Structure formats: structure tokens, C-alpha cells
Amino acid sequence: MVSLEDFQNLDIRIGTVLTAERVEDTDKLLKLGIDFGTEQRQVITGMAEFFEPEHFVGKQIPVIFNLEPRTIKGLESQGMILAADNEGTPILIYPEKEVPLGSILK
């Protein structure tokens, strides 16, 4: 269990994926360029075995915005995509309708 305060410390925002490509010499990693309105960020995700890169382009997705950056295979990841887990398979989550870039989830 986490406290409400712990949850409120997460900054989860909606961004639109502008670019997506496979990370060289890996089977699982994708590099996404995501626009949050006020800035663009690079997010590395381990979903390449489930989705082709173009599946992400143009989609609005929720991202944990205030995680410490992490270097993965020499690339900096500046957030984490949220997805549902269906028996080990990620299911992407989308807003019901388009929302302004950078919208905060509460």
C-alpha cells in the first residue's frame, strides 16, 4: 500500500508520440520522441517485442514525468510510459478523447 501523498508525488502527463524507432542491437527497446506541449522528451521503452514503432506515432499516452532520468543502452530515458499488463503483454492506455499536451492525470 502507498499513501495518497506518495501517489500525489507522481507527475503523470499526457504526451503525443512524434517519433518512434528501434534501438540498435536490441530486440526489446524502442526510442520514442514525445511532445508534452512545453517540451519534448525521449523515452526508452521495452515494448518492441509487442509493438512496431509506427504503432506509437501520433498517439497520446500517459507518462510518468518526474522520474529521475535513466540511461539504457547509452540512451537517456526521461520518463516511463504507463500501460496495463495482460498476462505479460502490455496494453497501451489512451485518453478517451484528445486532450491538450501536458495534461496532468489526477
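Use the structure listed above.
Residues numbered from 1 in each chain as written. Predicted model: local features only at pLDDT ≥ 70, side-chain atom pairs only at ≥ 80, totals over all residues. Heavy atoms only, no water.

## What about the overall build of the protein?
(1) Moving on: From N to C terminus, the protein includes one helix and nine strands.
(2) Moving on: Starting at the N terminus, the α and β elements of the protein follow one another as α-β-β-β-β-β-β-β-β-β.
(3) Moving on: Relative to the globule expectation of 13 Å for 106 residues, the C-alpha radius of gyration of the protein, 14 Å, shows essentially globular dimensions.
(4) Moving on: Within the protein, buried positions represent 36% of all 106 residues.
(5) Moving on: Within the protein, contacts between residues at least 6 apart in sequence are counted, and of these 58% link residues at least 24 apart.
(6) Moving on: A total of about 7000 Å² of accessible surface is found on the protein, and carbon and sulfur atoms cover 49% of it.
(7) Moving on: Side-chain charges of the protein comprise 10 positive and 18 negative groups, with the mean position of each set lying 2 Å from the other. (Helix = DSSP H or I, 4+ residues; strand = E, 2+ residues; numbered from the N terminus. Rg over C-alpha atoms; globule rule 2.2 N^0.38 Å. Buried < 20%, exposed > 50% of the residue type's maximum accessible area, 1.4 Å probe, protein only. Contact = heavy atoms within 4.5 Å. Areas by Shrake-Rupley, 256 points an atom, 1.4 Å probe, with all protein chains shown as cover. Lys, Arg positive; Asp, Glu negative; His and termini not counted. Charge placed at Lys NZ, Arg CZ, Asp CG, Glu CD.)

## A few points about the packing of aromatic side chains
(1) Moving on: All told, the structure shown has two aromatic pairs when counted by the stated rule.
(2) Moving on: Seen from their ring centres, F36 and F65 are 4.9 Å apart, and the 70° between their planes marks the pair as edge-to-face. Linking F36 in the loop between β2 (30-35) and β3 (40-45) with F65 in the loop between β4 (60-64) and β5 (70-72), this pair joins segments that are 29 residues apart in sequence.
(3) Moving on: Look at F65 and you get buried, because its relative accessible area is 6%.
(4) Moving on: Plain terms: the ring middles of F51 and F56 are 5.5 Å apart, the flat faces sit at 75° to each other, and that makes the pair edge-to-face.
(5) Moving on: R41 extends its terminal NZ or CZ atom over the ring of F65, reaching a point 3.5 Å from the ring centre. (Phe/Tyr/Trp six-rings, centres within 6.5 Å; stacked < 30°, edge-to-face > 60°. Lys NZ or Arg CZ within 6 Å of the ring centre and 35° of its normal.)

## Let's talk about the nonpolar core
(1) Moving on: The biggest cluster of nonpolar side chains holds 16 residues, and the ones touching the most others in it are L32, I34, F56, V63 and I81.
(2) Moving on: Listed by contribution, the elements that provide at least two residues to this core are β1 (12-22), β2 and β4.
(3) Moving on: When residues in this core are grouped by element, the largest group, three residues, is from β2.
(4) Moving on: Apart from residues lying up to four places away in sequence, I81 is in contact with L32, V43, T45, M47, F56, I61, P62 and V63. (Core = buried A, V, L, I, M, F, W, Y, C linked by side-chain atoms within 4.5 Å.)

## Structural notes on the side chain of T45
(1) Moving on: By secondary structure assignment, the location of T45 is in strand β3.
(2) Moving on: In contact with T45, other than residues within four places in its own chain, are K28, L29, L30, L32 and I81.

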